[in-house]
Amino acid sequence: MENFRKLDNLLRTQASAPCGELPDVYLYAGWMAAIENVVAVVSDLCTGTSKVFCGNFAKTIGIENYSSENSIWEKKILSLMPELEREDKFISELRFFHFLRHHPKNKGNYYLMSKLRIADSKGALFDILHRMYYIFNGVSVRYAICLYGPLSIDFKGKTVIVNSVNGVVEELTSMSVSGILSSRERQVLALIDSGLKSADIALRLNISKHTVSRHRQGILCKLQVRNSIEACRLARSMKII
């Protein structure tokens, strides 16, 4: 739940840009559901709601009458996943979100592709293919589109980032996310994680206590967390420290 809250907060704060309507997003999702028979979810980060378009695959997981959510999260689909699977999904999406922050000029070129375990209409778990796209309104995310369907293609690893322009596929678990924090911030956070106080960190790194405090604030801001305990947990889950 902790990683879910972080991701939810990050996405909701994206709606700072003016909320212009992009009706073609819904048209696209409806056609994808009809053509590929997938379940397509469009989450509107400005209104905090989602529309669901059900292709025939929806019958396999027993949600053929699913049409909307008063939330940016497709709760009915998430409820079909084991708890650890949901947690892995949120961590992957957190890492993807931070990856895009470091590609400001071409962030729209990338999407996330994952293998997820989900229960069918009889309760049996099986693998499905999940694809997630962000639609940007300037620098902010306006919509998230998720497609759920059969695992029609396989790939190395559990989650990959795909560059839709050149076709390059990179395994999320093997890529570096250390660039989210500077090398000094990673040092400071690792020492915080080891239990050292600011004064001890300042002595260890030969910097002032004020500089340590500044790094602490920078870490919390970049990771979008409330305190150092959450920062350490998130950084460990993302393998930053």
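Note: the structure precedes this text.
Residues numbered from 1 in each chain as written. Predicted model: local features only at pLDDT ≥ 70, side-chain atom pairs only at ≥ 80, totals over all residues. Heavy atoms only, no water.

Undergrad: Mind showing me how you'd approach the overall build of the chain here?
TA: Scanning the chain from N- to C-terminus turns up nine helices and eight strands. Taking 18 Å as the expected radius of gyration for a compact globule of 241 residues, we find that the chain reaches 19 Å, a close match to that expectation. Once the C-alpha set of the chain is aligned to its principal axes, its extents read approximately 60 × 40 × 35 Å. The burial tally for the chain puts 49% of its 241 residues in the buried class. A sequence separation of at least 24 residues applies to 55% of the contacts in the chain between residues at least 6 apart. Carbon and sulfur atoms provide 53% of the accessible area of the chain, an area that totals close to 11,900 Å². Within the chain, the 23 negative side-chain charges are centred at a point lying 7 Å from the centre of the 32 positive side-chain charges. (Helix = DSSP H or I, 4+ residues; strand = E, 2+ residues; numbered from the N terminus. Rg over C-alpha atoms; globule rule 2.2 N^0.38 Å. Buried < 20%, exposed > 50% of the residue type's maximum accessible area, 1.4 Å probe, protein only. Contact = heavy atoms within 4.5 Å. Areas by Shrake-Rupley, 256 points an atom, 1.4 Å probe, with all protein chains shown as cover. Lys, Arg positive; Asp, Glu negative; His and termini not counted. Charge placed at Lys NZ, Arg CZ, Asp CG, Glu CD.)

Undergrad: Which parts of the structure should I look at to understand helix α9 (residues 228-237)?
TA: Given 3.6 residues per turn, any residue in an α-helix points the same way as the ones three and four places further on. Glu230, Ala231, Cys232, Leu234 and Ala235 are the residues of α9 that are buried. For α9, the capping residue at the N-terminal end is Asn227, with a side-chain oxygen 3.2 Å from the backbone nitrogen of Ile229. Downstream of α9 by one or two residues, Lys239 has phi in the positive range, about 60°. (Polar contact = N/O pair within 3.5 Å; in protein donor to acceptor, adjacent residues only side chain to side chain.)

Undergrad: In this structure, what is going on with the state of the cysteines? I would like to understand it.
TA: Two cysteines joined by a covalent bond between their sulfur atoms form a disulfide. By the definition in use, this model includes zero disulfides. Cys54 takes part in no disulfide bond, and the closest cysteine sulfur, belonging to Cys146, lies 14 Å away. When its relative accessible area of 6% is taken as the criterion, Cys146 is described as buried. (Disulfide = S-S within 2.5 Å.)

Undergrad: Can you help me understand the pairing of strand β5 (residues 125-137) in this one?
TA: Remember that side chains alternate between the two faces of the sheet whenever the strand is regular. Here eight bridges tie strand β4 (residues 110-119) to β5, and the two strands are oriented antiparallel to one another. Looking at β5, one finds that Ala119 is bridged to Leu125. Connecting β4 to the next strand, β5, in antiparallel fashion are five residues, including Gly123 with a positive phi near 95°. Sheet topology places β5 next to strand β6 (residues 140-150); ten bridges connect them, and they run antiparallel. Residue pairing across strands places His130 opposite Tyr148, the latter belonging to β6. Counted between consecutive antiparallel strands, the loop separating β5 from β6 contains two residues, among which Gly138 sits at a positive phi close to 75°. (Pairing = 2+ DSSP bridges.)

Undergrad: Even after reading the chapter, I still don't get the environment of His103, so can you show me in this structure?
TA: Here His103 is to be found in the loop between α5 (83-101) and β4. Among the residues examined, His103 registers a relative accessible area of 22% and is labelled partly exposed. Measuring from C-alpha to C-alpha, the distance between His103 and Thr211 comes to 28 Å, with 108 residues separating the pair along the chain.

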